[in-house]
Amino acid sequence: MNQPANRLIVALVLLLALVAAACGDDGADAATDSTTTSTTTSTTTTTTTTSVPETAPTTDPSKVIDEPVDLGPLYPMTGEPIGEADEPTHPAVVVKIGNNDAIARAALRGLDQADIIFEERIEQSATRFASIFHSSLPDEVGSVRSGRTSDVQIVSNLNNPVFAFSGANDGVHNQLRSAENEGLLTRASADFDDRQFSRINLYRPPDNMVVDVESLLDKATDDASPPEPIFDYSGNAAELGFPVPGVEVSAASRASYVWSEDDGGYLRFQSGEPHVTRDDVQITPANVVVMTTTYLPSQIDRSSVDAITIGSGPVEIYSDGHVVSGTWTREFARDPYTFETDDGEIIGLMPGQTWVSLTPAGTSEVLDSETAAELLS
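Residues numbered from 1 in each chain as written. Predicted model: local features only at pLDDT ≥ 70, side-chain atom pairs only at ≥ 80, totals over all residues. Heavy atoms only, no water.

Visitor: Is there a simple way to think about the nonpolar core in this case?
Guide: Nonpolar side chains in soluble globular proteins tend to end up buried together. Within the largest apolar cluster, 36 residues are counted, with the highest numbers of intra-cluster contacts made by Ile116, Phe118, Phe231, Ile317 and Phe339. Leave out the neighbours within four places in its chain, and Phe339 touches Phe231, Val289, Val315, Ile317, Thr327, Trp328, Glu345, Ile346 and Ile347. In terms of nonpolar packing, the next biggest core, distinct from the first, is built from 34 residues, Leu137, Met209, Leu216 and Ala255 among them. (Core = buried A, V, L, I, M, F, W, Y, C linked by side-chain atoms within 4.5 Å. Buried < 20%, exposed > 50% of the residue type's maximum accessible area, 1.4 Å probe, protein only. Contact = heavy atoms within 4.5 Å.)

If you want it as structure tokens, here you go:
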């Protein structure tokens, strides 16, 4: 064979060898690509699926879902957990407490242990307290003062509480007796020489009368029962409102409430001074409810006024350092109160003591920071 032919044969052999090698390389490369793809896929899966599954917990606050916590039985008048204590089966006790002058404030006993306090006007702009006791029954509360016609509406949704007062005129006694006959309350009065009442010699009458709250349960009738909640305690008022230092309510004695994070409530000041009990405990409710309330001249005593707490009206709720405005509603005397925003959302208080100021329109305003700081200084 000549030289050109030999060269052609060699070239063909080399070409066939290269084709075979190329086919083998394609298989190896394909295996390599497959391995790489598989590894990449596996790594991605491990990072996004295995390490952080969709059901795994997260510490991102925006993704945390609050699970409801079962707190067990709650005190109906405060919304606080009863805990290891026995669930109370006794009715509520309401005590009328004075707030007329410096002597009455100096004789103040037990108000810090009340579950709910309604501050009502009695004549002109003087106020008194209708104080509801249920979770705690102190043995000395005062100074005890007279009953008023406003009290019937205030206590009508408490399942026949014992209502303690120092006395009343004939017209008020008749109204309270009628309410008792209807099963709205049970009267306990110093007028009846009830043994639960006594006087403290440190002070002059009428500001020296006290009452043993627990012993008043002896007056309870068989048809009396523990109260049902009259407020919602879901604690959403802060998220519905905005932060403010507190509130001031004008009356014969100006009342100011300043939010205190450290105390977990609103420090009450009266006429610019800390409002304290005789045990030097400052009144510090967890919630302050300012209910705009209509007052009408009393049909029994024209010098007195009656608070109308059935119907509806504007309300401002101060809770957890915030205020939220809305409407209060109570259709019938035995109904609880409903607080709603303008959008119809229920406003829930924080668990704890609640102070309700039955306030005529235009007599309350939000405290500014400077005034709040002066009161605390």
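After presenting the structure, the write-up continues.
Visitor: Hey, could you run me through helix H4 (residues 170-181) in this one?
Guide: Since the α-helix packs 3.6 residues into each turn, any two residues three or four apart lie on the same face. Between its first and last C-alpha, H4 extends 16 Å over twelve residues, near the 16 Å set by a 1.5 Å rise per residue. Taken together, the buried positions of H4 are occupied by Gly171, Val172, His173, Leu176 and Ala179. As for H4, its buried residues are in contact with helix H3 (150-155), strand S5 (162-165) and strand S6 (186-189). Where H4 starts, the residue carrying a side-chain oxygen 3.1 Å from the main-chain nitrogen of Gly171 turns out to be Asn169. Just past H4, the residue Gly183 takes up positive phi, approximately 80 degrees. (Helix = DSSP H or I, 4+ residues; strand = E, 2+ residues; numbered from the N terminus. Expected span 1.5 Å × (residues − 1). Polar contact = N/O pair within 3.5 Å; in protein donor to acceptor, adjacent residues only side chain to side chain.)

Visitor: Hey, could you run me through the pattern of salt bridges in this one?
Guide: Oppositely charged side chains are able to pair whenever their charged atoms sit close together. Within this structure, the stated rule accounts for twelve salt bridges. For Arg109, the salt bridge identified is with Asp279, shortest N-O distance 3.3 Å. With Arg109 in the loop between helix H2 (102-106) and strand S2 (116-123) and Asp279 in the loop between strand S13 (273-274) and strand S14 (287-292), this residue pair connects regions lying 170 residues apart in the sequence. The exposure class of Arg109 is buried, given its relative accessible area of 15%. (Salt bridge = Lys/Arg side-chain N within 4 Å of Asp/Glu carboxyl O.)

Visitor: Explain the side chain of Ser146 to me, please; I cannot follow it from the model alone.
Guide: With respect to the secondary-structure elements, Ser146 resides in the loop between strand S4 (141-142) and H3. Note on Ser146: relative accessible area 17%, which makes it buried. Excluding residues that lie within four positions of it along the chain, Ser146 makes contacts with Lys96, Arg128, Phe165, Ser166 and Gly167.

Visitor: So what exactly am I meant to see when it comes to a nonpolar patch on the surface here?
Guide: Together, Val69, Leu71 and Leu74 make up a nonpolar patch on the protein surface, roughly 300 Å² of accessible area in all. Tracing the chain through its elements places Leu74 in the loop between helix H1 (3-50) and strand S1 (93-97). (Patch = residues over 30% accessible without salt bridge, like charges linked within 9 Å, V, L, I, M, F, W, Y side chains within 5 Å. Areas by Shrake-Rupley, 256 points an atom, 1.4 Å probe, with all protein chains shown as cover.)

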